[in-house]
Amino acid sequence: IAYNSSIGGVRMLDGMVNDAVEARALGLNPQHIDIYSASWGPEDDGKTVDGPGPLAKKAFTKGINEGRGGKGSIFVWASGNGGRKTDNCNCDGYTNSPYTLSISSATQGGRKPWYLEECSSTLATTYSSGTPSHDASITTVDQDKRLRPEKICTSAHTGTSASAPIAAGMCALALEINKGLTWRDMQHIVLETANPKPLLHEDGWEANGVGRKYSHKFGFGLMDGAAMVNLAEKWKTVGPQLKCESEVEYPDIIMPANPN
């Protein structure tokens, strides 16, 4: 997708995975790596609520504050494949972080795939696999030619694990035309160029406060690489992130046992 970019792998999931390992992966060479594409997270079992630990949280905040020379690292995250068990990606503290681009999947026909998790934190969608023998999967590179010369390509990459790197490639295109984009600029560009039209035959779409269509299945719609590049070329940097916190009240009252 982004022909002039370089791709590297961070070996993380081949042994004990703990907070320190995650933090080292998320904070690896932040002045060299522009985009971190992550297709991992809590179990997709419909009953696990989990998120980054203290060290991984620090890696996120350090990345957006100091990565890419202070413009901020771009963290692209797969929304999860627990749809069959009605898992909800709001229970995934990585994909619902304000510092990540949470990416969902659509089948080639613009439908909800069987593995899709629905939640409010999803920002946008790219195409991926659908029903086996009915929908195509993603074609990409596979094993090292020296290890398995007959397996250097695959046409069977699936799930949101395929969607996130596709989104990362589109973000790389935007950075190629405008290296000055901040991490927040990228979120705005993805949101403003996402196209809901190919996905509107799925139910669940509503309009938000500024009239933009939004879905808990697909976020703001299908990512559009050309539109992202065109907008990035003329983009003006947005201001710093604002935080709005509501006060927590402790009324200290006894709730009656009356079921009404």
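Since the structure is predicted, the reported quantities are computational estimates derived from the model, not experimental observations.

Conventions adopted
- Residue indices follow the written sequence of each chain, beginning from 1 at its first position.
- The model is predicted, so local features are restricted to residues of pLDDT at least 70 and side-chain atom pairs to those at 80 or more, both for listing and for counting; the totals for chains, interfaces and linings are taken over all residues.
- Computation of side-chain values covers all heavy atoms of the structure but excludes hydrogens and water.
- Whenever a helix is involved, its axis is fitted only over the stretch in contact; in every case the axis is a line through C-alpha atoms, and angles between N-to-C directions fall within 0 to 180 degrees.
- Numbered from the N terminus, helices here are DSSP runs of H or I no shorter than four residues, and strands are runs of E no shorter than two.
- Roughly parallel here means an angle under 35 degrees, roughly antiparallel means over 145, roughly perpendicular means 65 to 115, and every remaining angle is called oblique.
- For any pair of crossing helices, the crossing counts as left-handed if the nearer helix is rotated counterclockwise from the farther one by less than a right angle, and right-handed if it is rotated clockwise.
- By definition in these notes, contact holds between two residues if any of their heavy atoms fall within 4.5 Å.
- Each residue is assigned to one class: nonpolar for Ala, Val, Leu, Ile, Met, Phe, Trp, Tyr, Cys and Pro, charged for Asp, Glu, Lys and Arg, and polar for all the others, Gly among them.

Visitor: Would you take a moment to explain the packing of helix α4 (residues 183-193) against helix α5 (residues 225-233) for this structure?
Guide: The geometry of a pair of packed helices is captured by two quantities: the angle between their axes and the separation between those axes. The interhelical angle for the contact between α4 and α5, taken along N-to-C directions, is 130°, at an axis separation of 9 Å. Here α5 runs oblique to α4, going by the angle between their axes. Seen from above, α4 lies across α5 with right-handed handedness. Together, M186, I189, V190, E192 and T193 of α4 and A227, M228, L231 and A232 of α5 make up the contact between the two elements. Of the residues assigned to the contact of α4 with α5, the class counts are seven nonpolar, one polar and one charged.

Visitor: Teacher, can you tell me more about the packing of helix α3 (residues 160-177) against α5 here?
Guide: Running from N to C, α3 and α5 cross one another at 25°; their axes reach a closest spacing of 8 Å. Judged by the angle between their axes, α3 and α5 are roughly parallel. In this structure, α3 crosses over α5, and the sense of that crossing is right-handed. Here M170, C171, L173, A174 and I177 of α3 lie close against α5, whose contacting residues are G225, M228, V229, A232 and E233. Residues of the contact of α3 with α5, tallied by class, amount to eight nonpolar, one polar and one charged.

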